[in-house]
Amino acid sequence: GCEFLKNFALVGMCCGANGHLTVTDADRIELSNLSRQFLFREHNVGQPKSRAASAMAKQMNPGLNVDTMEMFVGPKTEDHFNDEFWGRLDGICNALDNMEARFYVDGQCVKYSLPLLESGTMGTSGNIDPVVPKKTKTYRDGGQAAEGGGIPMCTLRNFPHLPDHCIEWARDQFEALFVKLAKQTLKFQGNPGEFFEDKESSVDVAQAVIETRMLISVLSAAKSPSIESSAQLAFDVFHMLFRDKLNDLTTAFPEDARMMDKGVDKGPFWSGHKKFPKAASYDPNQELHWKFLAAATNLFGVMLGVNTPKADGDDKWLAGQRSKEWVNGIATTLDVPEYVAGAVLVEGDEEGNKKSAERAKQTLTDLLTKLKALQQSGVTLPKLEEADFEKDDDLNFHIDFITQAANMRAWNYSIPQSDFQKVKLVAGRIIPAIATTTAAVTGLVMFELLKLVQEKDASEMRQRLVGLAANQYTSFEQDPPKQFKSGTNVRKPEASSLPPEAFDEAGNIKEEFYERENFKAYPEGHTVWDKLEVPSGSMTLNEFISWMEDTHKLTVNNWDFVLGWKKDEDEEGKEMKVPSSTPVFPPPVAIDPTLIPGLDLSFPDATKTVMGDARIKPAEKQKYLGEWKKAKAAGALPAGSDTSKVVKGDMSLKEILALMADKAEEAMEKGALHSKYGKAIDTVVGRKFWLIPPDQTPSCESVPTYAGDDMEPVEVQHLAAIKIPLE
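Residues numbered from 1 in each chain as written. Predicted model: local features only at pLDDT ≥ 70, side-chain atom pairs only at ≥ 80, totals over all residues. Heavy atoms only, no water.

S.K.: Help me understand the overall build of the protein chain in this model?
M.R.: Of regular secondary structure, the protein chain possesses 19 helices and 18 strands. In terms of C-alpha radius of gyration, the protein chain reaches 30 Å, essentially the compact-globule figure of 27 Å for 727 residues. Expressed as lengths along the three principal axes of its C-alpha atoms, the size of the protein chain is roughly 80 × 70 × 65 Å. Burial analysis of the protein chain (727 residues in total) assigns 46% to the buried set. Sequence separation of 24 or more characterises 69% of the internal contacts of the protein chain that already satisfy a separation of 6 or more. Carbon and sulfur atoms form 50% of the exposed surface of the protein chain, whose accessible area is close to 36,900 Å². Looking at the protein chain, you have 83 positive and 108 negative side-chain charges, and the mean spots of the two groups are 2 Å apart. (Helix = DSSP H or I, 4+ residues; strand = E, 2+ residues; numbered from the N terminus. Rg over C-alpha atoms; globule rule 2.2 N^0.38 Å. Buried < 20%, exposed > 50% of the residue type's maximum accessible area, 1.4 Å probe, protein only. Contact = heavy atoms within 4.5 Å. Areas by Shrake-Rupley, 256 points an atom, 1.4 Å probe, with all protein chains shown as cover. Lys, Arg positive; Asp, Glu negative; His and termini not counted. Charge placed at Lys NZ, Arg CZ, Asp CG, Glu CD.)

Set out below in structure tokens:
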């Protein structure tokens, strides 16, 4: 960022009457920044980076028109970085240190059709990626945007063998304890019955035991919130994570355990990367122990409202609550929690998993009984403050907690420890930089900026890779954006389903027996930059469906609106981001309880009643019969549904989007969406338009023209983004 500001000032960018530069950075200057960010001086330490750097740049060129801000750019600041903000920009120049932020800005540039000058450094290597609307690939599609592979969940849970495994695990614990736990506790308070039902029927008994145990600890702490009750909660977590889970694992698989497969001995269980762990007991003289307790206590204190949240720039926040003496003074008053046996689930060990789950079911039953008693005692919860992970504040205990948790985990498994800075890099996914690489990369970016200003053709733009250590400098013409075109999917059929004549003399399936299915791209040859622009957000859903058919010759078959994303695992145990959606079209049926037949009727009579009721649409009759069956079994008719939360054909697209935003917020509060991935839609108030991205557009098929070969509908596999105006 400093190098870019220097370059802008020296070449006279944003210095004319209509020139304007907006610089935003939420960071403040640290002493370590002075060695590589040369616009800063010692007296700037502690100041906002954006202000200090801009002030120095204006000294170089007083004509530089620059506004400074101290905000992150991301989904949580879209109330400020809104449609109006992005709409008045001519281009974006990134100076970011993580992939998540890069991808977000790249997506915004696609959304608002803005050019992007992206670049990055890693040690002595660097890359330059100019992105031009409709002329080049986006940064995400350009090939340099690799995030790296994930770590299998079974490795994180039970068998870490590298420091990075421990850091990733600790990062997940931060999310589970200081974000999810607050959400789940509030959800429990609103609907305890749903929680009990969910845990009693859970197939993941191990996770159910952990979540129930943690909820009991939070409710116990919330009876009388104090720093002492926060410390007891942290003490419970210490023993659960670093004692009980390890005892569960070594009980299920002792040090001399063998791997058995259908009676055949496959060798020692604890072999290869599997390290036999040891459990911890709190030792006040162990730095790892008391530092973990200090970080967890203060973070739980914030969650329970005992500690005030840290304000930006407050370097004295909780200064008296960080020492060994302070922590251990409280620790002497804490109760060591009893060992609570949980379940251990190991990939590929179905028999062992089954036995472990059976043992844990009794534990879960006992915990739920204890939780019911606690709930019936009438605990009043304070407003629980969720943590918002911030890697760049060294005093907020976030990286501190992850560091101590990762190193405690490493101690359990005899893995080398990690220092604060390494944890910060891994947990914050920071891409490190050195001054010489930064200077070279930003200088090359300026060449691309000047080409943009001169409106050069995309063939003149250059993607560059720089390797200072190896003295390698490579340039490429920037690739054009990928075009989506209609085509045919070809699938090889199962050989067993084919007649003898389907095979040639060599026994291979003949080409004419391959299964072929045409698909369509609309518009033909479109790219990620293209959008279908709806005439008005006041258009009703029914009118929108007609507009798609009349104007674009597309029949909308189905539209499931993505509210956000859940976290799941693939077959290899790696983390997956899974969309969570709700139906928009066809509009879901709202059941009118007054049309459900009487519960004193027999099934044939109820069927006759429903089929003969003209008020029930033919397509809805089976649904009404299903509701009658449920009501008959329950012994009572259902209450009327809230029709204000149901999509209807006469609702405008604006109203539907507002409803989807409410549903996404509700799903987030209930924990149905994962906080790491968040919501796909937020408030639409004050926005100029809403964009439905290509991977979330309705499912459509073409309307045949009945001319030539166009005799039947064809599935639309690639549909351009849909832009809905809201003004």
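What follows picks up the thread again.
S.K.: I'm lost on the pairing of strand 11 (residues 515-522) in this one. Help?
M.R.: For a regular strand, side chains alternate in direction, first toward one face of the sheet and then toward the other. Both strand 10 (residues 487-491) and strand 11 contribute to a ladder of five bridges, which runs antiparallel. Of the residues in strand 11, the one forming a bridge with Val490 is Arg516. Relative to strand 17 (residues 715-719), strand 11 is paired through four bridges, and the arrangement is parallel. Directly across from Ala521, in strand 17, lies its bridge partner His718. (Pairing = 2+ DSSP bridges.)

S.K.: What is the right way to look at the sheet that holds strand 15 (residues 689-692) in this model?
M.R.: Through backbone hydrogen bonds, the strands of a sheet pair up, either in parallel or in antiparallel fashion. Read across the open sheet, the three strands follow the order 12-18-15; overall the sheet is mixed. Single-partner strands in this sheet number two, and they are strand 12 (531-533) and strand 15. Geometrically, the sheet is characterised by an average inter-axis angle of 25° between neighbouring strands, direction not taken into account. By the bridge criterion, four bridges tie strand 15 to strand 18 (residues 721-725) in an arrangement that is antiparallel. Looking across to strand 18, one finds that Leu691 is bridged to Lys723. (Axes fitted to C-alpha atoms, helices over the stretch in contact; angles between N-to-C directions.)

S.K.: Looking at this model, I keep getting lost on helix 9 (residues 227-252). Mind explaining?
M.R.: For an α-helix, 3.6 residues make a turn, and residues three or four places apart therefore share a direction. When the terminal C-alpha atoms of helix 9 are compared, their 36 Å separation across 26 residues agrees well with the 38 Å that a helix rising 1.5 Å per residue should span. Across the 26 residues that make up helix 9, a large majority, 21, are buried. (Expected span 1.5 Å × (residues − 1).)

S.K.: Teacher, can you tell me more about a negative patch on the surface here?
M.R.: Together, Asp457, Glu460, Glu477 and Asp479 make up a negatively charged patch on the protein surface. Checked against the element boundaries, Glu477 lands in strand 9 (residues 472-477). Residue classification places Glu477 among the partly exposed residues on the basis of a relative accessible area of 48%. (Patch = residues over 30% accessible without salt bridge, like charges linked within 9 Å, V, L, I, M, F, W, Y side chains within 5 Å. Salt bridge = Lys/Arg side-chain N within 4 Å of Asp/Glu carboxyl O.)

S.K.: Could you clarify how one ought to interpret the environment of Val556 in this entry?
M.R.: Looking at where Val556 falls in the secondary structure, it is placed in strand 13 (residues 554-569). Val556 sits 552 residues away from Phe4 along the chain, and the two C-alpha atoms are 47 Å apart. What Val556 contacts, discounting residues up to four positions off in sequence, is Ile545, Met548, Phe585, Pro698, Ser699 and Cys700.

S.K.: What is the right way to read the packing of helix 6 (residues 163-190) against helix 7 (residues 192-200) from this model?
M.R.: The packing of two helices is summarised by the inter-axis angle and the distance between the axes. At a minimum axis separation of 5 Å, helix 6 and helix 7 run at an interaxial angle of 115°. The orientation of helix 6 relative to helix 7 falls into the category roughly perpendicular. Taking contact as the criterion, the partners of Gln184, Lys187, Phe188, Gln189 and Gly190 in helix 6 are, on helix 7, Pro192, Glu194, Phe195, Phe196 and Lys199. Of the residues assigned to the contact of helix 6 with helix 7, the class counts are four nonpolar, three polar and three charged. (Parallel < 35°, antiparallel > 145°, perpendicular 65-115°, else oblique. Nonpolar A, V, L, I, M, F, W, Y, C, P; charged D, E, K, R; others polar.)

S.K.: Please explain unusual backbone geometry as it appears in this structure.
M.R.: Peptide bonds are mostly trans, and most non-glycine residues show a negative phi. Between Tyr522 and Pro523 the backbone carries a cis peptide bond, its omega angle lying at -15°. The residue Pro523 is located in the loop between strand 11 and strand 12 in this model. Here the residue pair Phe585 and Pro586 is connected by a cis peptide bond, since its omega of -5° sits within 30 degrees of zero. Positive phi outside glycine occurs at Lys553, with the angle close to 55°. Position of Lys553 relative to the elements: it lies in the loop between helix 16 (541-552) and strand 13. One non-glycine residue with positive phi stands out, namely Tyr706, at about 60°.

S.K.: Would you take a moment to explain helix 16 for this structure?
M.R.: In a regular helix each residue adds 1.5 Å, so 12 residues correspond to 16 Å; helix 16 covers 16 Å between its end C-alpha atoms and thus fits that length. Phi for Lys553, located one or two positions after helix 16, is positive at around 55°.

S.K.: Is there a simple way to think about a nonpolar patch on the surface in this case?
M.R.: Together, Leu10, Val11 and Met60 make up an exposed nonpolar region whose accessible area comes to about 280 Å². Here Leu10 shows up in helix 1 (residues 2-11).

S.K.: Teacher, can you tell me more about the packing of aromatic side chains here?
M.R.: We describe a pair of aromatic rings using the distance from one ring centre to the other and the angle between the two ring planes. Under the criterion given, the structure shown has 29 aromatic pairs. With centroids separated by 5.8 Å and ring planes inclined at 85°, the aromatic side chains of Phe85 and Trp86 adopt a geometry described as edge-to-face. Classification of Phe85 by relative accessible area gives buried; the value is 8%. Aromatic side chains Trp559 and Phe561 sit 6.3 Å apart centroid to centroid with 45° between the ring planes, which places their arrangement in the tilted category. Here Trp559 and Phe561 have matching classes, each one buried. Counting every residue linked through ring pairs, the aromatic cluster contains Trp169, Phe174, Phe178, Phe235, Phe238, Phe242, Tyr282, Phe292, Phe300, Phe389 and Phe401. Its end group placed over the ring of Trp565, Lys577 keeps NZ or CZ at 4.4 Å from the ring centre. (Phe/Tyr/Trp six-rings, centres within 6.5 Å; stacked < 30°, edge-to-face > 60°. Lys NZ or Arg CZ within 6 Å of the ring centre and 35° of its normal.)

S.K.: What exactly am I supposed to notice about the nonpolar core here?
M.R.: In summary, soluble globular proteins display a tendency toward joint burial of nonpolar side chains. In this structure, Phe242, Phe300, Phe401 and Ile402 are the most contacted members of the largest nonpolar core, which totals 66 residues. Per element, the largest residue contribution to this core is 12 residues, and it comes from helix 9. In this view, Ile402 contacts Ile167, Ala170, Arg171, Phe174, Phe389, Val423 and Ala427; residues no more than four positions away in its chain are not counted. One finds Leu541, Ala661, Ile722 and Leu726 within the second-largest nonpolar core, a separate group that totals 36 residues. (Core = buried A, V, L, I, M, F, W, Y, C linked by side-chain atoms within 4.5 Å.)

S.K.: Whenever I open this one, the sheet that holds strand 8 (residues 462-467) confuses me. Can you help?
M.R.: An order of 3-4-5-8-9 is seen for the five strands of this open sheet, with the pairing classed as mixed. Taken across any chain shown, the strands that pair with only one partner, and hence form the sheet edges, are strand 3 (92-93) and strand 9. One ladder, built from seven bridges, connects strand 4 (residues 116-122) with strand 5 (residues 125-131); its direction is antiparallel. Opposite Glu118, over in strand 5, you have Asp129 as the bridge partner. Strand contacts of helix 15 (residues 435-453): strand 3, strand 4, strand 5 and strand 8, with the helix running at about 165° to strand 4, the strand carrying the most contacts.

In short, geometric facts, not functional conclusions.
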